[in-house]
Amino acid sequence: MNRIKQSNPIATRAMRKMSIAIILAFGMQSHTLLAASQHNRTDEISEQTLATLAKKARQTGDFTQALQHYETLIVRNPQLVDYKIAHALVQIDRQEYTLAEAEIATLKENYAGNVELLNAQLYLGQQTHSPIKILDASQRLLALNPKDTAMAGTLASAASDLGATSKANELQQQYQFEANQAQPIKASRAASYVRWGELEPQNPLRPYADTDQALNALDKACQCDWATVDVNDIAKRKLVFDRMLALRDRHRAAEVIAHFNQLNAQHIELPVYAMSAVADAYLELREPEHALTVLDAILVKDPQNYNTKLDKFYTLIELERFEEATAHIQKIAAEEPSYLNRNDNPTVRQNDKKLQADTVAAMGMAYGDNLAGSEQALVALQNIGPSNPELKNNLANIWRWRGWIDLAGKTYQDNLAQDKYDTQARYGLAHTYLDGRDWVLADKEIQTLNTYITPDDPALKELNKRWDLHQKRQFISDFNTGKSSGAAIGTKSSYINAWLYSAPFNDNYRVYANTDYNHGTFPEGSGAVLAPAVGLEYRSHDWLISSQLGLATQDGHGATGAVRAEYRADDYWLFNSEIAFNSQQAPVRGQRVGIQGDLMTAGLTYRWSELTQAAASVGYMHMSDGNTRENLQVAWDRRMYTQPHYKANVRIDASASRNSRDNTVYFNPKSDVAIGATLRQDWLTWRRYDRSFTQRLALGIGNYQQQDFGSGATWAISYSHDWDINRWLNLEYGIGRRSQPYDGIRESRSSLFGHINLLF
C-alpha cells in the first residue's frame, strides 16, 4: 500500500480501503471485510469488490445486504447472468422459495443450458425437498458432464424418491456408488417391489412376481442373516419393516412373527404398516387373540385406519364374538358416505369403501349362519351395481352355502367367462364341484389354482384340504342300546350299523363293507341278527347308487342284498328308492324264528333352502310268513330361529301303516297312524376353527292311534353332545327316553346312542 501511495499520490481514501478489503477478502476475514465496507457508498466500490462483498454477505448470513449488493451489480451489468443467478440463490437462502423459483424460471427462458443456473435449480429442489426439481436439474447437469459421479448419485436418489427405482438402480450399476449411497437406493428399490406386490399383478398367472422380486432385492440390500439382523441399525430396521410386508403377501406368516419378536426384544416401536402385517400374520396362523391386540394398538395410533377396522371385524368373527363384530361393521358402514366430493372439485364420485363396508356387513350375517339375511342384503347391493363381479361371487358363495349349488356354479362360470383370471370365482367353482360330487371337474380347477397360487395361501390350503379329505377312506357307525318297560319291541334291544368305505377310485366309485347287528330280548327268548355285506357305490352330480350282497347269520337266515338309488334333479328336488331282499328292516323278533322280508321304498324331498324342506316316502315289505306291510311317511322341517350360537328347528311328521295278517310273533298292528312334532335345539358351546362342541336337546310330543286299541299320547326327549374333533373326526353321543302305547299298553324306553364319522 505504501508503494501504491508513493507511485500514485492522488489515490483516494476509498481506493485504499477497498484495496485493503480485497486483501482481507483473499484472507477470508469476512467480518473485517464487511465492517470496512460499511463506511463506503456502493457507487465508490468497484464491481469486482462489490461482487466479493455480496458473496461474503451471503456466506455470513447477511442476506439483506447480499441482495442489495447483487441488485446493484445487476443494474451495473445487466447482461451478466451470474449476478441474477446469485440473487436467486440468496432468495433460496432466505427461504423465499416462490420468489426464487420465479427468478429461475425467467432465467431459464434464455439460459436453459447454463450450468450455474441448473445448479441453482438443483439447490432450490434440495432446499424445498422437491425430488422432481432435483431430478430435472441433475438429469440436465449429468447430460452436460456424464462423468460426474456425484451428480449421478444425486439423480439416482431423486429417481428413487420418486419411485423410479429402475432408473436409480440403472445408475447404481453404471456408476458403482459408494456403499453409503448405494444402500438407500437398493432399499428403495426393494420397497417399491413390496408396494407393487400389494397391487393386482400384471400377469395373473404370476401373482407373486413383484413380491418375490422385493424379497430378493431386500436380501441384496441387507446382505445379512435375517435371523440375526441388527434391528438397531436404522437402515436395516427399515429393510425389516419392508420385508415383513413382503412376507405377509407371500403368506410366510411365521417369518413375519419372527421379525416382530426380534423388534419387540429390542423394544422397537413398529410403524402402522408393519403392525398391519403382524396382525394379518397372526390371523393366518390362527391366533386371533394376538391379532386383536395388535389391531387395537394400531387403532390407538390411527383411529380412522379403514383397513385396520375391517381386519378387526374379521378377527372378532374368528373369536366367535359375533355381536361385537356386527356392531363394529355396522358402525364402519354408517360412517362411510355413499359419495365423495371435495371443495376444490365439483365432481361427485362413488365411495368404494362404502360398498365394501356394506358388502362385508352382509357377509358378516352369513358367517353367523343368517344366510337368508345375508342374501337379501347382497341382492339389494347388486341392484345398485348389477355388474360388480365381487358382489356376484359373494352371492354365489351364499347360494352355495344354502345348498343351491347349480345356481352358484352357473354364477361362478359366468364370472369366469367375463374374466378367466377371476381367482375368487375359480375358488368358489372348485368348492361347488366338490359339493356337487363333480370330482373330475373339481380336480381340474384345483390343479389349475395350484399352478400359480402358493400352497401357503389360506384359501388354497382350505381347498387342498377338502380335496385330500375326499381322497381318504371313511368309517361310519351308529349304535343304540336301551331297555324298555314292555316287550313289544324287546325288553332289551340294541343295534349297531357300521360302514367302511375305500378311498375313491376311477373318480366316482368306492367299495365298502357294511354290517348290521340287531339284538332283542323278548319273553320267549333273545334274538340276534348279524348281516355283514360288501358293496359298490357310485357317486356323481346327479346320482348316488349303491348295491351290496351279504349273508345274515346267527338267528338270521340266508343271503341278503340291496340296491339303493338317489337322484338329484336340481337344487330343490331329490328322489330316492331302495329294493332289498332279506332286508334287515324286518323285525328281529320275526327273524329269530326264520321270517324274512323283502322291501321296496320310494321317496322324494323338496328342499327350499337350508331352512326348510319337506319329504314323503312310501314303503312295501313282503314277509315270508305271508304278511305284507305298507307304510306312508311325510315330514316337514323348518328352522324357526337362527343365531350364531343357537338354532331351533321344528319337525312335524306323520306316518301310517297297515299289515295284512293278524297274530304274528312280532308287533304287527292291522293299521296305525302316528303324528308328532319335535323341537330340536342346538347350542354351539365352543368353536375354534375346525373344532367345535355342540349341545343338542330334542323334545317331541305326538299321538299314536292303533286299530282296535284306540290312541294315546307319545313323547320323547334326548340330550346329546356333538364334537367336531377336527376335519377328520366327528363324534356324537347321548341319552334318550321315549314313551308310546303298543297294543294299548304304554311302554317307555331309555336308551344310549352314538355316532362316529372318521376319515383316514
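Let me sum up the structure you'll find in this document. None of the values given here were measured: they were computed from a predicted structure. (Residues numbered from 1 in each chain as written. Predicted model: local features only at pLDDT ≥ 70, side-chain atom pairs only at ≥ 80, totals over all residues. Heavy atoms only, no water.)

A closer look at the packing of aromatic side chains
Counted according to the given criterion, the structure contains 18 aromatic pairs. Ring geometry for Phe 313 versus Tyr 314: centroids 5.2 Å apart, planes at 65 degrees, classification edge-to-face. Judged by its relative accessible area of 1%, Phe 313 is buried. Judged by centre distance (6.0 Å) and plane angle (10 degrees), the rings of Trp 573 and Phe 575 are stacked. For Trp 573, a relative accessible area of 35% gives the class partly exposed. Cluster of aromatic residues (ring-pair linked, three or more members): Trp 404, Tyr 572, Trp 573, Phe 575, Tyr 606 and Trp 608. A cation over a ring is seen here: Arg 510 above Tyr 501, with NZ or CZ 3.9 Å from the ring centre. (Phe/Tyr/Trp six-rings, centres within 6.5 Å; stacked < 30°, edge-to-face > 60°. Buried < 20%, exposed > 50% of the residue type's maximum accessible area, 1.4 Å probe, protein only. Lys NZ or Arg CZ within 6 Å of the ring centre and 35° of its normal.)

A few points about the state of the cysteines
The final tally for this structure, using the stated rule, is one disulfide. The disulfide bridge from Cys 222 ends at Cys 224, spanning 1.9 Å between sulfur atoms. Its S-S torsion of approximately 105 degrees makes the covalent link between Cys 222 and Cys 224 right-handed. (Disulfide = S-S within 2.5 Å.)

What to know about the nonpolar core
Judged by nonpolar contacts, the single largest core of 34 residues is most densely connected at Met 244, Leu 263, Leu 270 and Val 278. Contributions of two or more residues to this core are made by α13 (209-222), α14 (234-249), α15 (253-265), α16 (272-284) and α17 (288-301). With eight residues, α16 is the single largest residue contributor to this core. Contacts of Leu 270, omitting those with residues within four sequence positions, involve Phe 241, Met 244, Phe 260, Leu 263, Met 275, Val 278 and Lys 301. If you look at the next biggest cluster of nonpolar residues, it comprises 31 residues, including Ala 362, Met 363, Trp 404 and Leu 460. (Core = buried A, V, L, I, M, F, W, Y, C linked by side-chain atoms within 4.5 Å. Helix = DSSP H or I, 4+ residues; strand = E, 2+ residues; numbered from the N terminus. Contact = heavy atoms within 4.5 Å.)

Topic: the environment of Val 379
Residue placement: Val 379 occurs in helix α21 (residues 371-384). Given the relative accessible area of 33%, Val 379 is considered partly exposed.

What to know about a nonpolar patch on the surface
Taken together, Phe 479, Ile 496, Tyr 719, Ile 735 and Leu 752 make up a surface patch of nonpolar side chains, about 430 Å² in accessible area. Within the secondary structure, Phe 479 sits in strand β3 (residues 474-484). (Patch = residues over 30% accessible without salt bridge, like charges linked within 9 Å, V, L, I, M, F, W, Y side chains within 5 Å. Areas by Shrake-Rupley, 256 points an atom, 1.4 Å probe, with all protein chains shown as cover. Salt bridge = Lys/Arg side-chain N within 4 Å of Asp/Glu carboxyl O.)

Details of the pairing of strand β11 (residues 597-607)
Examined bridge by bridge, strand β10 (residues 573-581) and β11 share eight bridges and lie antiparallel to one another. Residue pairing across strands places Asn 576 opposite Gly 603, the latter belonging to β11. Pairing analysis gives eleven bridges linking β11 to strand β12 (residues 612-623), with the strands arranged antiparallel. Counterpart to Leu 604 in the pairing with β12 is Ala 616. Where β11 hands over to β12, the hairpin turn is made up of four residues, counted between the paired strands. (Pairing = 2+ DSSP bridges.)

A word on α17
Across its 14 residues, α17 extends 20 Å between first and last C-alpha, which sits within 8% of the 20 Å expected from 1.5 Å per residue. Listing the buried residues of α17 in full gives Pro 288, Ala 291, Leu 292, Val 294, Leu 295, Ile 298 and Leu 299. In a view along the axis of α17, the buried residues occupy a sector of 165 degrees, so they form one face of it. For α17, the exposed residues set more than 90 degrees away from the buried face come down to Thr 293 and Val 300. Contacts from the buried residues of α17 go to α16, α18 (306-318) and β15 (671-688). (Expected span 1.5 Å × (residues − 1). Arc of directions from axis to C-beta.)

Structural notes on the pattern of salt bridges
For the coordinates displayed, the defined rule picks out 43 salt bridges. A salt bridge links Arg 680 to Asp 682; the shortest N-O distance between them is 3.1 Å. Classification of Arg 680 as partly exposed rests on a relative accessible area of 36%. Given the relative accessible area of 11%, Asp 682 is considered buried. Salt bridges here are not isolated pairs; linked through shared partners, they connect Arg 286, Glu 462, Lys 465, Asp 690 and Arg 727.

So, the environment of Asn 77
Within the element layout of this structure, Asn 77 appears in the loop between α5 (63-76) and α6 (81-93). Accessibility expressed as a relative area gives 22% for Asn 77, which makes it partly exposed. Separated by 30 residues in the primary sequence, Asn 77 and Glu 47 place their C-alpha atoms 8.8 Å from one another. With near-sequence residues (within four places) excluded, Asn 77 lies in contact with Glu 47 and Tyr 83.

Purely geometric numbers; function is a separate question.
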